[in-house]
Amino acid sequence: MTKKLLIPLFFFGSFFMQAQNLVWKTNMNDAIVMSDEQKKPLLIYFTASGVSTKIQNDVFVTPDFAVWSRDNVILVKLDLSDTEISDVVRDQNVRLKNSLGVQELPQTCLVFASVRKGKTTFNSVGIVPFRQGGAKVWIADANSLLNP
């Protein structure tokens, strides 16, 4: 009997652990190379200290998001208040944020990036708004942008 209970608990627990182990790229160049190689869009999460963490708590830590993101996007987190990055990198991140039409933080964007002849090109798919309803609503919105 104990064995029958432990097996589902193990799988249930490992599923939730997977949600906590998402790999967010913080180096845009690495993310672009990976996106170009895997032919997946970038999901860029623009954030800063002191902004709401509701999207993280309601969407990014869920098993649904972990599975969806693994199959559909390259995760990129750009913290515009990070004091560990250089001013040049911070300026590039701010310019990218502005060029994608992001006005408020936090915000997530879906973007295809490609490198041709040493030049990076971004093709914005759209901004994925955060709405009440959790991960399933957010994923449906993201999917509608990726597969119109």
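Conventions and cut-offs
Residues numbered from 1 in each chain as written. Predicted model: local features only at pLDDT ≥ 70, side-chain atom pairs only at ≥ 80, totals over all residues. Heavy atoms only, no water. Helix = DSSP H or I, 4+ residues; strand = E, 2+ residues; numbered from the N terminus. Expected span 1.5 Å × (residues − 1). Buried < 20%, exposed > 50% of the residue type's maximum accessible area, 1.4 Å probe, protein only. Arc of directions from axis to C-beta. Contact = heavy atoms within 4.5 Å. Pairing = 2+ DSSP bridges. Axes fitted to C-alpha atoms, helices over the stretch in contact; angles between N-to-C directions. Salt bridge = Lys/Arg side-chain N within 4 Å of Asp/Glu carboxyl O. Parallel < 35°, antiparallel > 145°, perpendicular 65-115°, else oblique. Left-handed = near helix turned anticlockwise from the far one by under 90°. Nonpolar A, V, L, I, M, F, W, Y, C, P; charged D, E, K, R; others polar. pLDDT = per-residue confidence, 0-100. Phe/Tyr/Trp six-rings, centres within 6.5 Å; stacked < 30°, edge-to-face > 60°.

Brief notes about helix α6 (residues 134–146)
Alright, step 1. Over its 13 residues, α6 extends 19 Å from the first C-alpha to the last, a length consistent with the 18 Å expected when each residue adds 1.5 Å.
Alright, step 2. All of the buried residues along α6 are Gly134, Ala135, Trp138, Ile139, Asp141 and Ala142. For α6, the buried positions fall inside an angular range of 160 degrees around the axis, keeping them on one side.
Alright, step 3. Residues of α6 that are buried make contact with β1 (42–47), α3 (54–60), α4 (63–72), β3 (107–116) and β4 (119–128).

Considering the sheet that holds β1
Alright, step 1. Taken together, four strands build an open sheet; the order of strands is β2-β1-β3-β4 and the sheet is mixed. Unpaired on one side and paired on the other, β2 (74–79) and β4 mark the two borders of the sheet. Shown here is a sheet whose adjacent strand axes are inclined to one another by a mean of 30 degrees, direction ignored.
Alright, step 2. Pairing of β3 with β4 involves nine bridges; the strand directions are antiparallel. Looking at β4, one finds that threonine 108 is bridged to valine 128.

Some details on the pattern of salt bridges
One side chain can pair with another of opposite charge once the charged atoms of both are near each other.
Alright, step 1. Applying the stated criterion across every chain, the model contains six salt bridges.
Alright, step 2. The salt bridge involving lysine 136 is made with aspartate 64; its shortest N-O contact spans 3.1 Å. Pair noted here: lysine 136 is in helix α6 and aspartate 64 is in helix α4, with a separation of 72 residues, a long-range link.
Alright, step 3. Assessed through its relative accessible area of 34%, aspartate 64 is described here as partly exposed.
Alright, step 4. Between aspartate 141 and arginine 131 there is a salt bridge; the shortest N-O distance is 2.8 Å. Note that aspartate 141 is positioned in helix α6 and arginine 131 in the loop between β4 and α6, a separation of 10 residues in sequence.
Alright, step 5. On the basis of relative accessibility, which here comes to 43%, the residue arginine 131 falls in the partly exposed class.

Observations regarding the packing of α4 against α6
Alright, step 1. Between α4 and α6, whose axes approach to 9 Å, the crossing angle comes to 20 degrees. Relative to α6, the element α4 lies roughly parallel. Viewed along their axes, α4 and α6 form a crossing whose handedness is left-handed. Residue-level inspection shows Asp64, Phe65 and Trp68 of α4 in contact with α6, the latter providing Ala135, Lys136, Trp138, Ile139, Ala142, Asn143 and Leu146.
Alright, step 2. Across the contact of α4 with α6, the residue classes tally to seven nonpolar, one polar and two charged.

Structural notes on the confidence of the model for the protein
Alright, step 1. Mean pLDDT over the protein stands at 88; residues scoring 70 or higher make up 86%.
Alright, step 2. Highest mean pLDDT in the protein belongs to β1 (98); lowest belongs to helix α1 (residues 2–20) (48).
Alright, step 3. Confidence over residues 5–19 falls short of pLDDT 50; this stretch has 11 contacts with residues more than four positions distant or in other chains.

Quick notes on the packing of aromatic side chains
Alright, step 1. Throughout the structure, instances matching the rule amount to nine aromatic pairs.
Alright, step 2. Summarising the aromatic geometry, the rings of phenylalanine 60 and phenylalanine 65 are spaced 4.9 Å apart at their centres and angled 45 degrees between planes, so their arrangement reads as tilted. The residues phenylalanine 60 and phenylalanine 65 share a single accessibility class, namely buried.

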